[in-house]
Amino acid sequence: MNILLTGGMGYIGSHTALLLANAGHQVHIYDNLCNSNIGTLDRVQKICSKSIGFSEGDVRDTEKLTKVLRDAKIEAVIHLAGLKAVGESSQKPIEYYANNVQGSISLIQAMQMVGIKTLVFSSSATVYGDPVYLPYDEDHPTSPTNPYGRNKLQVEEILRDLSVSDKEWQIACLRYFNPVGAHESGLIGEDPNGIPNNLMPVIGQVVNGKLPLLNIFGDDYDTPDGTGKRDYIHVMDLAEGHLAALIWLQGNPGCHTFNLGSGDSYSVLDLLHHFEKASGQKIPYQIVERRPGDLPEYYAKADKAEKFLGWKTKRKLSDICNSSWLWIKNSRKS
Ligand code: NAD
Ligand code: UDP
């Protein structure tokens with residue numbers, strides 16, 4: 001299949017591009033590089049020894065996107081492009097709506113122009129909001145607590161309306177839990193521009209001496225060790241989830257929602273200790289105030305993806321930490 005990945009130069013997109021290319025698909029990346037680096041393309045191509053197309057552009061540029069879809073003879077799109085910092089989304093809500101919601105509408109319009117009707121959308125577990133029960137299943141009420149989460153939910157709703165209006169669309173909204181880890185080669189991994197917000201990239205910067213220590217946001221939650229618990233999913237498991245969704249969508253029109261998580265949750269200290277074991281390094285930390293808006297715990301019920309897509313996570317927390325450590329070590333050299 002000829003597949004376009006918007007935002008494919010980013011963390012999840014680069015791993016997904018690699019997996020799809022290795023599975024024999026023709027991959028074309030469309031990215032404006034606002035949170036990624038062109039050097040990733042060479043590294044992905046080096047790992048898979050395949051050629052991957054690239055066009056630099058913004059998803060809001062409908063005309064350019066339409067041309068790329070047409071020229072590369074695209075048959076399906078994975079839409080990963082977007083801004084993703086939850087805290088920043090409250091400070092710059094309009095920038096987030098313009099990029100994430102308007103950008104998605106522009107992509108849909110470009111796809112309509114060319115007649116492509118297969119789409120996988122990067123959604124997020126943040127659409128659920130405060131847990132009414134756990135684990136979250138796909139029927140859990142959605143009540144996001146920040147603009148970023150509302151962007152994701154609005155795009156899901158737009159896609160649902162679209163699939164009702166035109167029965168030929170085949171759409172999967174994948175609600176990711178906490179993607180972490182790196183490709184086994186250690187050549188690609190999470191490499192955000194600027195100061196990271198998420199736990200694993202912060203740990204990476206502590207190990208690489210860019211940050212003095214890890215601030216753990218609260219140890220007084222109602223969890224066994226008092227720190228927040230999350231459902232961490234290896235980025236290569238997540239990449240495999242995209243491929244499974246693309247395959248399943250052929251012959252399954254409509255707009256479908258799937259949780260992509262492991263179904264387990266680990267605390268900040270669990271992750272830290274696994275990482276210390278993988279790296280043989282002590283990670284200095286201090287306990288600070290809770291981060292506003294953080295939930296004590298959440299994790300996925302991932303049965304639906306297993307039942308329909310035949311997908312479930314294969315990799316463990318030790319695989320996550322080993323691959324992250326390899327990537328962090330390698331990025332220190334470059
Ligand atoms: P990332 O920032 O590494 O990758 C996103 C890519 O999109 C970047 O390469 C960026 O340059 C590009 N981009 C952003 N706006 C664009 C635009 N207007 N036009 C073209 N390109 C644009 O993020 P990621 O972690 O790889 O996330 C990918 C997707 O998955 C995002 O939509 C994100 O919201 C979603 N998601 C991520 C997580 C996570 O924790 N990483 C969790 C749930 C959902
Ligand atoms: N966390 C932390 N220090 C950090 C970053 C994150 O203690 O510097 C905690 C955070 O409070 C949460 C967990 O790590 O309990 C995962 O946070 P992350 O930002 O990676 O993901 P999200 O909050 O989106 O689940």
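Check the entry above for the structure.
Let me begin by describing the structure that accompanies this report.

### Focus on the overall build of the chain
- Along the chain, the regular secondary structure elements total eleven helices and 13 strands.
- In summary, the chain has a C-alpha radius of gyration of 19 Å against a globular reference of 20 Å for 334 residues, a match within 12%.
- Going through the 334 residues of the chain one by one, you find that 55% of them count as buried.
- Within the chain, residue pairs in contact and separated by at least 24 positions form 80% of the contacts whose partners lie at least 6 positions apart.
- With an accessible surface of roughly 14500 Å², the chain has 50% of that area assigned to carbon and sulfur atoms.
- On the chain, the mean spot of the 33 positive side-chain charges and the mean spot of the 38 negative ones are 5 Å from each other.

### Here's the deal with the environment of Pro93
- Take Pro93: it is sitting in helix α5 (residues 93–114).
- You can call Pro93 partly exposed: its relative accessible area is 26%.

### Some thoughts on the site of ligand 2
- Around ligand 2 there are 16 residues in total, and Leu199, Asn215, Arg230, Arg291 and Asp294 lie nearest to it.
- Within the backbone of Phe217, an N or O atom sits 3.0 Å from an oxygen atom of ligand 2.
- In the complex, the protein chains occlude 90% of the 520 Å² of accessible area that ligand 2 would expose alone.
- Contributions of two or more residues to the shell around ligand 2 are made by α7 (199–207) and β8 (214–217).
- At four residues, β8 tops the list of elements feeding residues into the shell around ligand 2.

### So, the environment of Ala182
- If you trace the backbone, Ala182 turns up in the loop between β7 (178–180) and α7.
- Owing to a relative accessible area of 0%, Ala182 belongs among the buried residues under this scheme.
- With near-sequence residues (within four places) excluded, Ala182 lies in contact with His15, Ile188, Gly189, His234, Val235, Ser323, Ser324 and Trp327.

### Some remarks on the pairing of strand β3 (residues 53–56)
- In this structure, strand β2 (residues 26–31) lies alongside β3, joined through four bridges in parallel fashion. Note on β3: the bridge partner recorded for His28 is Gly53.

### Looking at the pattern of salt bridges
- The full count for this structure, using the stated rule, is 17 salt bridges.
- A salt bridge links Asp58 to Arg60; the shortest N-O distance between them is 3.0 Å.
- Among the ionic contacts, a cluster of salt bridges with common partners joins Glu184, Asp237, Glu240, Lys314 and Arg315.

### Considering the nonpolar core
- Among the nonpolar cores identified, the biggest contains 41 residues, and Leu5 and Ile52 are the most heavily contacted of them.
- Setting aside residues no more than four positions away along its own chain, Leu5 makes contact with Gly13, Thr16, Ala17, Leu20, Val27, His28, Ile29, Tyr30, Ile78 and Leu80.

### Section: the sheet that holds strand β1 (residues 2–6)
- Ordered in space as β3-β2-β1-β4-β5-β6-β11, the seven strands form an open sheet in which the pairing is parallel. The outermost strands of the open sheet, each flanked by one partner alone, are β3 and β11 (254–260). Averaged over all pairs of adjacent strands, the angle between their axes in this sheet comes to 20°, without regard to strand direction.
- Here seven bridges tie strand β6 (residues 170–176) to β11, and the two strands are oriented parallel to one another. Its bridge partner lying in β11, Ile171 is registered against Cys255.
- Contacts from helix α6 (residues 147–165) reach β5 (118–124), β6 and β11, with the element oriented near 155° to β5.

### Regarding helix α2 (residues 39–48)
- Within α2 the residues assigned to the buried category are Thr40, Leu41, Val44 and Cys48. One side of α2 holds all its buried residues, which, seen down the axis, span an arc of 105°. For α2, the exposed residues lying more than 90 degrees away from the buried face are Asp42 and Lys46.
- Looking at the packing, one finds that the buried side of α2 touches α1 (11–22), β2 and β3.
- Just beyond α2, the residue with positive phi is Ser49, at close to 50°.

Reading the values: rules and limits
Residues numbered from 1 in each chain as written. Chains lettered and ligands numbered in written order. Predicted model: local features only at pLDDT ≥ 70, side-chain atom pairs only at ≥ 80, totals over all residues. Heavy atoms only, no water. Helix = DSSP H or I, 4+ residues; strand = E, 2+ residues; numbered from the N terminus. Rg over C-alpha atoms; globule rule 2.2 N^0.38 Å. Buried < 20%, exposed > 50% of the residue type's maximum accessible area, 1.4 Å probe, protein only. Contact = heavy atoms within 4.5 Å. Areas by Shrake-Rupley, 256 points an atom, 1.4 Å probe, with all protein chains shown as cover. Lys, Arg positive; Asp, Glu negative; His and termini not counted. Charge placed at Lys NZ, Arg CZ, Asp CG, Glu CD. Near = heavy atom within 4 Å. Polar contact = N/O pair within 3.5 Å; in protein donor to acceptor, adjacent residues only side chain to side chain. Pairing = 2+ DSSP bridges. Salt bridge = Lys/Arg side-chain N within 4 Å of Asp/Glu carboxyl O. Core = buried A, V, L, I, M, F, W, Y, C linked by side-chain atoms within 4.5 Å. Axes fitted to C-alpha atoms, helices over the stretch in contact; angles between N-to-C directions. Arc of directions from axis to C-beta.

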